[in-house]
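Examining the three-dimensional arrangement
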Amino acid sequence: MDRLAQLQQFIGREFDQSPSPFMKWLNPIVLSAEEGHLEFQYTVRPEWLNPIGNLHGGVTAAIVDDIIGATMFSLNENSFITTINNVIDYFSTAKENDNIVAETKIIKRGRQFVNAQCEIWNADKTKLIARGTSNLFKINN
């Protein structure tokens, strides 16, 4: 079974078969999965908060990096695709027990490099929490 089909099997439920132990810790629910485009939902947990009770920027960045990695997984490439850099802009915040939605898309898919974007929203997508872009590099196995 291809990797995209594996992701699609989890639509509407927790992606507990991720090859990434970190993603298992983040515990996303797959909302949609298409080639180069994913939507995952997360519930903000107490250990994800900064000292004033908001979603920690480092956790936000980790979600961006992790779901973009899963988006690379959805491409069914024969190469491993690794992150070169992440740039993240923070616009708003989330609180404990809030549901947030991370949505990715491919901006440019070249022979060696991929540029991808992730937006993190509140549950009903009325408030943009953060937007991240990543450049990634294909490593031939």
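Structure first, text after, so check above.
Residues numbered from 1 in each chain as written. Predicted model: local features only at pLDDT ≥ 70, side-chain atom pairs only at ≥ 80, totals over all residues. Heavy atoms only, no water.

On to the pattern of salt bridges, then. Following the criterion strictly, the structure yields seven salt bridges and no others. Salt-bridge contacts for R45 lead to E47; the nearest nitrogen and oxygen are separated by 2.8 Å. For R45, a relative accessible area of 18% puts it in the buried group. In this structure, E103 and K125 form a salt bridge, with 2.7 Å as the shortest nitrogen-oxygen distance. One end of the pair, E103, is in strand β4 (residues 99-109); the other, K125, is in the loop between β5 (113-122) and β6 (128-139), with 22 residues separating them in the sequence. The network of salt bridges with common partners includes E35, E77, R109 and K138. (Salt bridge = Lys/Arg side-chain N within 4 Å of Asp/Glu carboxyl O. Buried < 20%, exposed > 50% of the residue type's maximum accessible area, 1.4 Å probe, protein only. Helix = DSSP H or I, 4+ residues; strand = E, 2+ residues; numbered from the N terminus.)

Attention shifts here to the sheet that holds strand β3 (residues 80-90). The strand order across the open sheet built from six strands is β1-β2-β4-β5-β6-β3, with neighbouring strands paired in antiparallel fashion. Looking at strand neighbours, the two that pair on one side only are β1 (29-34) and β3, the edges of this open sheet. Adjacent strand axes in the sheet meet at a mean angle of 20°, parallel and antiparallel pairs treated alike. Across five bridges, the pairing between strand β2 (residues 37-43) and β4 is antiparallel. For F40, the partnering residue across the bridge sits in β4 and is A102. (Pairing = 2+ DSSP bridges. Axes fitted to C-alpha atoms, helices over the stretch in contact; angles between N-to-C directions.)

Within the largest apolar cluster, 35 residues are counted, with the highest numbers of intra-cluster contacts made by F40, Y42, W48, I63, M72, I100 and I120. Non-local contacts of F40, meaning those with residues more than four positions away in its chain, are made with L7, M23, P28, I29, V30, L31, I67, A70, I100, V101 and A102. (Core = buried A, V, L, I, M, F, W, Y, C linked by side-chain atoms within 4.5 Å. Contact = heavy atoms within 4.5 Å.)

To continue, consider the environment of I88. For I88, the position within the fold is in strand β3. Each C-alpha atom, one on I88 and one on A123, is 20 Å from the other, the two residues being 35 residues apart in sequence. Every residue in contact with I88, bar those within four places of it in the chain, is listed here: A61, V64, A130, R131 and G132.

Here we come to the layout of surface pockets. Its boundaries defined by the atoms lining it, the largest pocket holds a volume of some 460 Å³. Broken down by secondary-structure element, the contributors of at least two residues to the lining of the largest pocket are α1 (3-8), α2 (21-26), α3 (57-74) and β3. Per element, the largest residue contribution to the lining of the largest pocket is seven residues, and it comes from α3. Each residue belonging to the lining of the largest pocket can be placed in one class, and the counts come to 11 nonpolar, six polar and four charged. (1 Å grid on protein atoms, 1.4 Å probe; cavity = no way out; pocket = protein on both sides within 12 Å on 5 of 7 lines; lining within 4 Å. Points joined across faces, edges and corners; volume = space filled by probe spheres on them. Nonpolar A, V, L, I, M, F, W, Y, C, P; charged D, E, K, R; others polar.)

Inspection of the secondary structure puts F10 in the loop between α1 and α2. For the pair formed by F10 and S74, sequence separation is 64 residues and the distance between their alpha carbons is 13 Å. Ignoring anything within four residues of it in the chain, the contact list for F10 reads F15, D16, Q17 and V30.

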